[in-house]
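# Summary of the model geometry
Here are the chains, one letter per residue:
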Amino acid sequence: MSYQCPLCHSALSLQANTWRCENNHQFDQAKEGYVNLMPAQHKGSKNPGDNKEMMQARRLFLNTDHYQPLRKQVVDQLERHLPEHSQHLLDIGCGEGYYTSEFASLTKTHSDLCVHGLDISKVAVRYAAKRYPDCQFCVASSHRLPFGDALLDGVVRIYAPCKDEELYRAIKTGGILLTVTPAARHLYQLKELIYDGVRLHDMTAETIEGFELVSDEQLHYEMNLSGEEATALMQMTPFAWKTSEDVWQQLRTASEFGCEADFSVRVYRRL
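Each value, and the rule that gives it
- Residues numbered from 1 in each chain as written.
- Predicted model: local features only at pLDDT ≥ 70, side-chain atom pairs only at ≥ 80, totals over all residues.
- Heavy atoms only, no water.
- Core = buried A, V, L, I, M, F, W, Y, C linked by side-chain atoms within 4.5 Å.
- Buried < 20%, exposed > 50% of the residue type's maximum accessible area, 1.4 Å probe, protein only.
- Helix = DSSP H or I, 4+ residues; strand = E, 2+ residues; numbered from the N terminus.
- Contact = heavy atoms within 4.5 Å.
- Salt bridge = Lys/Arg side-chain N within 4 Å of Asp/Glu carboxyl O.
- Pairing = 2+ DSSP bridges.
- Axes fitted to C-alpha atoms, helices over the stretch in contact; angles between N-to-C directions.

Another aspect to go through is the nonpolar core. Of all hydrophobic cores here, the largest spans 53 residues; its most connected members are Y67, L78, F103, F137, L190, M223 and F263. Sorting elements by how many residues they give to this core places strand β11 (residues 257-270) first, with six residues. Every residue in contact with F137, bar those within four places of it in the chain, is listed here: Y3, Y34, V35, C94, G97, T100, G117, V125, A128, A129 and Y132. Listed in part, the 27 residues of the second largest apolar core include C138, L145, L167 and I171.

So, on to the pattern of salt bridges. One pass over the structure, following the stated rule, counts 13 salt bridges. Notably, a salt bridge pairs E206 with R157, separated by 2.3 Å at the nearest N-O pair. Within this pair, whereas E206 is found in the loop between α6 (188-192) and β10 (211-225), its partner R157 is found in strand β8 (residues 152-158), the two being separated by 49 residues in sequence. Using a relative accessible area of 32% as the deciding quantity, one classes E206 as partly exposed. Ionic pairing is found between E260 and R185, a salt bridge with its closest N-O pair at 2.8 Å. Here R185 lies in the loop between β9 (171-182) and α6 and E260 lies in strand β11, a separation of 75 residues in the sequence. Residue classification places E260 among the buried residues on the basis of a relative accessible area of 5%. Beyond isolated ion pairs, a larger network of salt bridges with shared partners links D65, R71 and E102.

Residues separated by three or four positions in an α-helix point in the same direction, a consequence of the helix having 3.6 residues per turn. Burial within helix α7 (residues 227-236) is extensive, with seven of its 10 residues counted as buried. Of all the residues in α7, the buried ones are G227, E229, A230, T231, A232, L233 and M234.

This paragraph deals with the sheet that holds β9. A sheet is described by the order of its strands in space; here eight strands give the open sequence β4-β7-β6-β5-β8-β9-β11-β10, paired in mixed fashion. One side of each edge strand has no neighbouring strand; the edge strands of this open sheet are β4 (35-36) and β10. Note: β10 against β11, 14 bridges, orientation antiparallel. Residue pairing across strands places D216 opposite R266, the latter belonging to β11. Across the face of the sheet, helix α4 (residues 122-131) comes into contact with β4, β6 (114-119) and β7 (136-139) while running at roughly 165° to β7.

Turning our attention to unusual backbone geometry. We note that N24 has phi near 65°; this positive angle belongs to a residue other than glycine. You can see N24 is positioned in the loop between β2 (18-20) and β3 (26-28). The backbone phi angle of Y159 is positive, close to 70°, even though this residue is not glycine. The class of Y159 is partly exposed, set by a relative accessible area of 43%.

What follows is the structure in C-alpha cells.
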C-alpha cells in the first residue's frame, strides 16, 4: 500500500479500519475516510495547522472560484507533464481539497492514478475527506511525508513547505514536482493597505537539488471582490496578523475591491 509508518517507516497495510505496520504501530481510519499519521510527538502544538476560523475564511473565498484560473492552469500543467501510467499524485498542504478534488479529473487520461491530499490540519482534512471520497486524505507533516521511497509520480506544492530531500526521496526518477508561488504583484492592493512602499515578490525560480526546471509560467489577472470576499482573502494571508482594525472595517464595508492575482507556476522533473 502507499502509506508508510511515521514512527518506524515500515509499510502500512489496512486491516478492517486500522492501518498497521510490521512493528504493530496502529493508526485508525476515521469514519470520514482519512487517516491521522501525525504522532503526538511530531506536533509542534495541540492542534497544528489552520484553525477553524481560518479554514472557514479560505473555504468562503475559494468557493467563489476567484482562484479557478489557477486551478485550471495547474491541472493543464499536470496533464502535460505527469508521466504516463502514473499511479500516485500527492497534493501537499491540501487544506479542504479545493485543488485536490480537481486533480481527480486526471483519471480520465491516467486510469491507474490515485490522488492523495496531505495537510497538518485535522479539521481541514476531515472536511476534505467527507466531501471528496474519490481522493485519499491523511493528516501528516509535509516535512515527514508518510510515503515510501520513490512511490510518487507527482507532487503538487501550492505555497506549502517541504524539505528538498523528502521530495527527492519520495518522488520517482522522472516524476514531477509542480510548485505555485506568488509572482511579483500578487495581492498588491491588499498589501498597499498595510505597508508603506510595497515590495514586489522575487520571481527567481528556486533551485531544488536533484530536480531540473522544465516549465516556468506566470498567471496574472484582475479580481473584482466584494467586501466579504476581500475580507476572507485577507484572512487567508500571512499578513492578516498585521492588519489594523481600520483596514478590516474598510474591507468589510467595501462594495467592491479590485485586487491582482499573480502566480508563478513551475514544473520540475526528478533526475
